[in-house]
Amino acid sequence: MNRRSFCLTTGLSSLALTRLLAQEQKTRLPAKAKRVIYLFQSGAPAQMDLFDHKPHLRDLAGTDLPESIRKGQRLTGMTATQDRFPLAPSIFKFDRHGNSGAWVSDLLPHTSKIVDQLCFIRSLHTEAINHDPAITFCQTGFQLAGRPSIGSWLSYGLGSDNENLPAFVALTSGKGGQPLYDRLWGSGFLPSHYQGVRFRSTGDPMLYLSDPPGVDRETRRRMLDDVSELNSLRFQQFQDPEIKTRIAQYEMAFRMQTSVPELTDLSSEPASTFELYGEDARKPGSYAHNCLLSRRLTERGVRFVQLFERGWDHHTKLPKKIRERTASTDRASAALVTDLKQRGLLDDTLVIWGGEFGRTAYCQGRLTKDDYGRDHHPRCFTMWLAGGGMRTGVTYGKTDDFSYNIVKDPVHVHDLHATLLHQLGIDHTKLTFKFQGRHYRLTDVHGKVVRDILS
Amino acid sequence: MSRYARQLIAFAATLHLASLGANAGIDYDRDIRPLLSDTCYACHGPDDAERKADLRLHTRDGLLGEIRASEPLESELYQRISSNDPDERMPPPEFARSLTSKQIETIRRWIEEGANWKGHWAFERVERPDAPEVKQTEWVKNPIDRFVLARLESEGLMPSPPAQDSVLARRLWFDLTGLPPTSAEVARFAQTREMAATAKRLFRRPTYAERMTSRWLDAARYADTSGYQTDGWRTMWRWRDWVIDSFRRNQRFDQFTLEQLAGDLLPNATLEQKIATGFNRNHRGNSEGGIVQEEFLVEYAVDRVDTTFTVWQGVTIGCARCHSHKYDPFTHRDYYQLFAFFNRLHEKGRVFKEGNSAPWIVAPTRAQARKLKQLKKTEAAARSRFEEGSRNLPEQIHAWEQRREHTPTWLDYESLVASSAQTNGAVAKFGYFDRFTLSAQIKIKAGDQGTILSKKNPAKQGLGYSLDLTKDGKVQLNLIKRWLDDALRVETVEPVSSGHVLVTYNGSRKSSGIQFFVNGERVEHKANLDYMNQTFETDEPLLVGKGNADFTGEVETIAVFDRVLDEIEIRAVAEPSPIATILAQPERQRSALEKSKLEQYFLRQAGPDELRRAHAKWLAAKRIRAAFKRDLPSVMIMEDRNEQPTHILLRGQYDQPGERVFANVPASLPAMPKNAPRNRLGLAHWLVSRENPLTARVTINRLWRDIFGTGLVKTTEDFGVQGERPSHPALLDWLAAEFMESGWDIQHMLTLIVSSSTYQQSSRSTPELNRRDPENRLLARGPRFRLPAEMIRDQALAISGLLHRTVGGPSVKSYQPAGLWADIASVGNYELGEGTDLYRRSLYSYWKRTVPPPMMMNFDSASRESCEVGMKRTNTPMQALNLMNDETFVEASRVLAQSILQATKHKRLTTAFLRVLQRKPNARESGVLERSLATHLAKYRAAPEAADDLLSVGQAALPDGIDRAELAAWTMICSTLMNLDETVTKE
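What follows concerns the overall build of chain A. Per the secondary structure count, chain A includes 14 helices and 17 strands. Scaling as 2.2 N^0.38, a compact globule of 455 residues should have a C-alpha radius of gyration of about 23 Å, and chain A matches this with 23 Å. Seen through its principal axes, chain A has C-alpha atoms that stretch 80 × 50 × 40 Å. In chain A, 76% of the contacts between residues at least 6 apart in sequence involve partners at least 24 apart.

This part takes up the overall build of chain B. In terms of regular secondary structure, chain B is built from 37 helices and 18 strands. Taken over the C-alpha atoms alone, chain B extends approximately 110 × 80 × 50 Å along its principal axes. Here chain B holds 987 residues, and 49% of them are scored as buried. A separation threshold of at least 6 residues defines the contact pool for chain B, and within that pool the share at least 24 residues apart is 69%.

Facing 73 residues of chain A, the contacting portion of chain B comprises 86 residues. Taken together, the elements giving at least two residues each to the side of chain A that touches chain B come down to helix H1 (3–10), helix H2 (14–27), helix H7 (131–140), helix H9 (217–238) and helix H10 (241–264) of chain A. Counting residues per element, the side of chain A that touches chain B draws most heavily on H9(A), at 12 residues. Each residue belonging to the side of chain A that touches chain B can be placed in one class, and the counts come to 27 nonpolar, 28 polar and 18 charged.

Turning our eyes to something else, we now look at the sheet that holds strand S4 (residues 450–456) of chain B. All names here are of chain B. On the basis of which strands lie adjacent, the open sheet formed by 6 strands has the order S11-S7-S6-S5-S4-S12 and antiparallel pairing. The open sheet has two free edges, formed respectively by strand S11 (525–531) and strand S12 (543–544), since each of these has just one partner strand. Inspection of the sheet shows S4 paired to strand S5 (residues 464–469) by 6 bridges, in the antiparallel sense. What sits directly across from Gly 450, in S5, is Leu 469.

Time to look at the packing of helix H35 (residues 923–942) of chain B against helix H37 (residues 964–978) of chain B. Residues and elements named next belong to chain B. At their nearest, the axes of H35 and H37 sit 8 Å apart, and the two run at 140° to each other. With respect to each other, H35 and H37 are oriented oblique. Where H35 crosses over H37, the two elements pack in a sense that is right-handed. Contact residues: H35 offers Leu 929, Ser 932, Leu 933, His 936, Leu 937, Tyr 940 and Arg 941, while H37 offers Ala 965, Glu 966, Ala 968, Ala 969, Met 972, Ile 973 and Thr 976. Among the residues making up the contact of H35 with H37, the classes are represented as 9 nonpolar, 3 polar and 2 charged.

With that settled, the discussion passes to the pairing of strand S7 (residues 304–309) of chain A. Residues and elements named next belong to chain A. Counting buried positions over the 6 residues of S7 gives 6, a clear majority of the element. Alternating residues of S7 divide into Phe 304, Gln 306 and Phe 308 and Val 305, Leu 307 and Glu 309, and every residue in both groups is buried. Sheet topology note: the strand S1 (residues 35–41)/S7 ladder contains 6 bridges and is parallel. Note on S7: the bridge partner recorded for Gln 41 is Glu 309. Bridging between strand S5 (residues 168–173) and S7 involves 6 bridges; their strand directions are parallel. What sits directly across from Phe 168, in S7, is Phe 304.

Further remarks concern the pairing of S4(B). All names here are of chain B. Of all the 7 residues making up S4, 6 are buried; the element is thus mostly covered by neighbouring parts of the structure. Sheet topology note: the S4/S12 ladder contains 2 bridges and is antiparallel. Residue Leu 453 lies in a different strand from S12, and its bridge partner there is Val 544.

Residue and element names in this part refer to chain B. Mapping Gln 898 onto the fold places it in helix H33 (residues 887–900). The buried category is assigned to Gln 898, around which 21 C-beta atoms lie within 10 Å. Considering only alpha carbons, one finds Gln 898 and Thr 983, 85 residues apart in sequence, at a separation of 19 Å. Contacts of Gln 898, omitting those with residues within four sequence positions, involve Pro 959 and Leu 967.

The subject of this paragraph is the confidence of the model for chain A. Caution applies to low-pLDDT regions: their predicted coordinates should not be interpreted in detail. On average, residues of chain A carry a pLDDT of 92, and 94% of them reach 70 or more. The low-confidence segment residues 1–19 of chain A (pLDDT under 50) makes 38 contacts with residues lying over four places distant or belonging to another chain.

All names here are of chain B. One open sheet holds the 6 strands; their spatial order is S2-S13-S3-S8-S9-S10, and the pairing between them is antiparallel. Where the open sheet ends on each side, the last strands, each with one partner, are strand S2 (416–419) and strand S10 (521–523). Between one strand axis and the next, the sheet turns through 20° on average, direction left out of account. When strand S3 (residues 436–443) meets strand S13 (residues 554–561), the two strands line up antiparallel, connected through 7 bridges. By the bridge assignment, Gln 441 is partnered in S13 with Thr 557.

Looking now at the environment of B:Pro34. Inspection of the secondary structure puts B:Pro34 in helix H2 (residues 28–39). For B:Pro34 and B:Ala968, which are 934 residues apart along the polypeptide, the C-alpha to C-alpha distance reads 58 Å.

Right, let's get into unusual backbone geometry. Residues and elements named next belong to chain B. Along the chain, Met 90 connects to Pro 91 via a cis peptide bond; the corresponding omega equals -10°. At the junction of Ala 358 and Pro 359, the peptide bond is cis and its omega measures out at -5° in the coordinates. Counting through the fold element by element, Pro 359 comes out in the loop between helix H16 (332–342) and strand S1 (360–362). Positive phi outside glycine occurs at Ala 428, with the angle close to 60°. With respect to the helices and strands, the residue Ala 428 is situated in the loop between S2 and S3. A residue is classified by how many C-beta atoms lie within 10 Å of it, and Ala 428, with 21 of them, is buried. Its identity is not glycine, yet Leu 484 carries a phi of approximately 85°, on the positive side. One can find Leu 484 in the loop between strand S6 (475–482) and strand S7 (486–492).

Moving on to helix H21 (residues 592–606) of chain B. Three or more residues of H21(B) are buried, namely B:Leu593, B:Glu594, B:Ser596, B:Lys597, B:Leu598, B:Gln600, B:Tyr601, B:Phe602, B:Leu603 and B:Ala606. Looking at the buried side of H21(B), the elements it contacts are helix H18 (393–403), helix H19 (567–574), helix H20 (579–584) and helix H22 (609–630) of chain B.

Residues and elements named next belong to chain B. Looking at chain B, the pLDDT average stands at 93 and 97% of residues meet or exceed 70. Here residues 1–23 is modelled with pLDDT under 50, and outside its nearest four sequence neighbours on either side it reaches 27 contacts, counting other chains as well. Taken over the whole predicted complex, pTM reads 0.90, whereas the ipTM for its chain interfaces reads 0.89.

On to the packing of helix H7 (residues 143–155) of chain B against helix H25 (residues 729–741) of chain B. Residues and elements named next belong to chain B. Interhelical geometry of H7 versus H25 gives an angle of 170° and a closest axis separation of 9 Å. Put simply, H7 runs roughly antiparallel to H25. Here Pro 143, Ile 144, Phe 147 and Val 148 of H7 lie close against H25, whose contacting residues are Ala 730, Leu 731 and Trp 734. Residue composition of the contact of H7 with H25, by class: 7 nonpolar, no polar and no charged.

The rules we used
Residues numbered from 1 in each chain as written. Chains lettered and ligands numbered in written order. Predicted model: local features only at pLDDT ≥ 70, side-chain atom pairs only at ≥ 80, totals over all residues. Helix = DSSP H or I, 4+ residues; strand = E, 2+ residues; numbered from the N terminus. Rg over C-alpha atoms; globule rule 2.2 N^0.38 Å. Contact = placed C-beta atoms within 7 Å. Buried ≥ 20, exposed ≤ 12 C-beta atoms within 10 Å, placed from the backbone. Nonpolar A, V, L, I, M, F, W, Y, C, P; charged D, E, K, R; others polar. Pairing = 2+ DSSP bridges. Axes fitted to C-alpha atoms, helices over the stretch in contact; angles between N-to-C directions. Parallel < 35°, antiparallel > 145°, perpendicular 65-115°, else oblique. Left-handed = near helix turned anticlockwise from the far one by under 90°. pLDDT = per-residue confidence, 0-100.

Given below as structure tokens:
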């Protein structure tokens, strides 16, 4: 990476850069991945309806979750007062797929076709039991607001590979369901230029990107030339290096005004793209559109792209709602992996699919033959990873017959973070930022790299 | 590594030297403790749980036990840190931190020089040092300058000459009011350059109080929403008004502290003192369904402890929540002793999604309190007029009956929204903030049950409301959002028999806001479920006799009102007989209810005009006052119940209580006086006592930081051993002592600072000075740094003339790109304000924690999710786009251009410079802009529609008959000026 462009791109003060350079010597490991695309499924998909096949539950349908399994572990206030905890087996059909024979339910026909590219982890677990703390934990390694998100740690640690685009972009899709918060891509106590930039599907893709009506490019250029010249005059008098930085930032802003619309304009994409991702990909704001955008961002060197798909919080009417969710996401998720592979980008791009926790095997609300709901469950959930030096065609970790407790190879969210950083060439114990007297890390004082899933 | 990077590292090295001082001997507190703390304390520091080899390098004895003074080679400590044997070497090679060879050498020298030891400077009592002697005494305006100059002289540096008039005035105005001066004000200021007198004038402006309040809001994590998942609204602006008022009257900082931390506990606490305690209710509150309440009760108390100790003590006490602090002398026990001051509220772990959560109080403004008094008087007068006229009411009714001049009709009820005669499904739509009355005349026998009336989703316990008769014959009101954890279920204590049943709900979302009446008499009730957090409003039809289970008795009549009836009205409604039937009975045989109903009929419909008018006026006055009271703002406050048993929480977990502890301050700081109450008031007194080493230092340091850009202690949030040492330790202590001894007088301190030569220096630098001291820690020049977010926006409003200067009041919604909330939040749409709401100062901008105002965040505002006292300052392309394209700034440029066009042509550019920068342009600047003006003008003349487009931005009116092309061209010039580095910078 070119240091000067890095400095200009990120608006780093000279001191921050010094510290970073010193730090870099210590933190760098050989990198398997250069970029990450994190497909965050907000609201928490039910693992036992998608991946974590539990045929045993069919025989126990409607019977209570045994206390030997629950072991008095806490439940949310939504079901803690239920009289009973009747087990609700998935009504969806499961099959083994690919050479690896991975179990996937028929809700995910497209994902089923790429299982040999994927590494499934069935043994993720987390601390929090409610959405806000849990998603905040997934994003920042801490349940309460105030710490930097994964992407901002990466921007801080690795800088940007593109002078005309932000290093960290967040994309959101889906209306309703659990809300999202700016802090999920925020920079916490890190300087704010490390925060993710959310690209929007309506209005300007980036806030304040467009010139006001009646100001064309020529007028803007002229105005910028003036700003630059007057600022330079001021610099001669005051000798403040911040003035030089500001001049450079205005130039970068000008370039972004071209590079971002070029990025979001899909007119150059051939028909085959939409055959792969589906026609939905033409609709701004859809998950498929965001998957396609994330490929385009990745191609242009954006280091961390995070999609947030809302609407996975299925306390009631799970079968209906999960069908809707999978119908609008399955094809595009699989297409993204396929597309990256075809373009030779998958090897050094780590793709992650998953939510903030899992869901309960027992039913929330009324259980019928074809309808049920599931409450939050932090003790196990499934994610998949692809590319970026992960083993392929692997299923790692194991849960009990109730998909309630992990029985083999638990992977904590901190471990996922450690592994992610490791693949990008960063020792998670060394990427630190001193704040309030403490050297903070994404993984706090925890986390271990899950070496068994690395190729 | 590129040359560029090497250069940067060289900068850093110079800075380090600068802060160390060139020739000084090794000082334990300054040079050694920070090294040991950063590299050794994690295993050999204050945390008992993590301590290895029982080694306590943080204590004097522990450390000196490892050292033989003057003999480094004989000292175990030095042997270990300098050893080449990986088994011996400390810190161990696998540990994340290590010592550089230079640091090891420093430790060696320290031992060689005799291994002096001192306590950590910030925890030592503040003693006022003597101001040092200096050579250039003519430069010294007050003692501040002696401290600064002494250091400069020792470094061989010269102070800078005074700043130009316009630069200095601008600096002073931003520092004291957050707004730029006008050019006329600059001219007046330039005549004398009297700093103290000018400061005094500025202190009298409300803009001073607003400016001080802005920073305090960051520290206090002030917001208009509750944060976490739903992030619904709350109202805390009355607390913000209190802060403004406090700064306006220059309240002593010790009193400011007492009232905010413990105003409720002061003897005869006033309303304002209670409002002040809102400080520690500004933290986030979680309303998410299904949370474990105990978990969040802990988080709230934790937030109060951490915020209080960050703001007043500048220490990172939060580290001791899970285990003893790794660096500073705060134990795990200390933390929960502090926690015990703050966990005694009447509060719930799950807060309301909308509105304030207990404890809160109604908090009228002074104007509202006056109005309320007046309404009370009006009501009393109306009442006595009515009572006058109705003194002999039974006789009047009797006389009227005798005259038989009137054909009896029905009693007309006000606010009746549904009755047996007029039930159609679309009526009676109520939500949880609505006030209503449900009533029915029922005929039942033992064992009857079912729904009397309902408006709800047909599913069992579905969304909506219903009035039911339980299987044991009790009347029950159900208000349901989600069954079990989001519902009110309230029922009569006793079963009822045939007759009239009525229930009122006052919109409070609590069972205490519900009343039951049977046959017109109030009866007792109890709550089975009493937690409602989302509205039960629904579009389902209103049904009689069904909803949950079909009613097995008979519902003879129903009546639903969209208000809470009073008891007189309720008695009238409860009487089923029509007026004609009542009148047909002999007077003596009429029941009390019948009499009541007849009386209402007489007062409302049949009586003499004058009486009816008097009655109606009294009712109206009563309702106006009640409605006014309901609309009064409320604010969340601190209010203690009896002390709660407090336990150390193992690893900070809510469900892992350890040993019981009692409220107290950390053992390593001065003790609380023996007789001080062990409550928040005692704690607040302790914080502002002369013995407390931190409060004054921390506070004055933040004040210094606001003015000079960097604190004397750079780590404003951390005065512990891991924080940075002060650049001018003696100056900091002198200021802290002066602050306390002046009676904690903020304005006095500000006056001192701005009157110093140090403050008044030019901020021009040189390449040489940039190399020596890039961050200007030595203060060889004046401060120069980008304005904070709110000042950048406020300045644009001020210089364009758009700024609306109303002080205080509820938050307002100014411009932000459409749809930001809708994109990601679950409730609420951002409804853009109107008129002057768009142009208020930024401290009044509505702050939604999970989607804060984007312009504020672009320019490094605190996020308000938790307490932030550090200031970030970045320089990004997003900021450039924001200033160029945000409606706020484009509109301000256009409105500024409008007024510039009032000037004669050749004076316009000068006018523009004077408006924006309060100085005249030089020839080169004029040249650049005159040329561009011509280009822009030609362009907009050729494309009038483009001019129209540009001028359409913003809601401010466009004057008639203006030359649009010219205005558009000038709008671009003004926008250019608004985007200048100089404009967004305090020089």
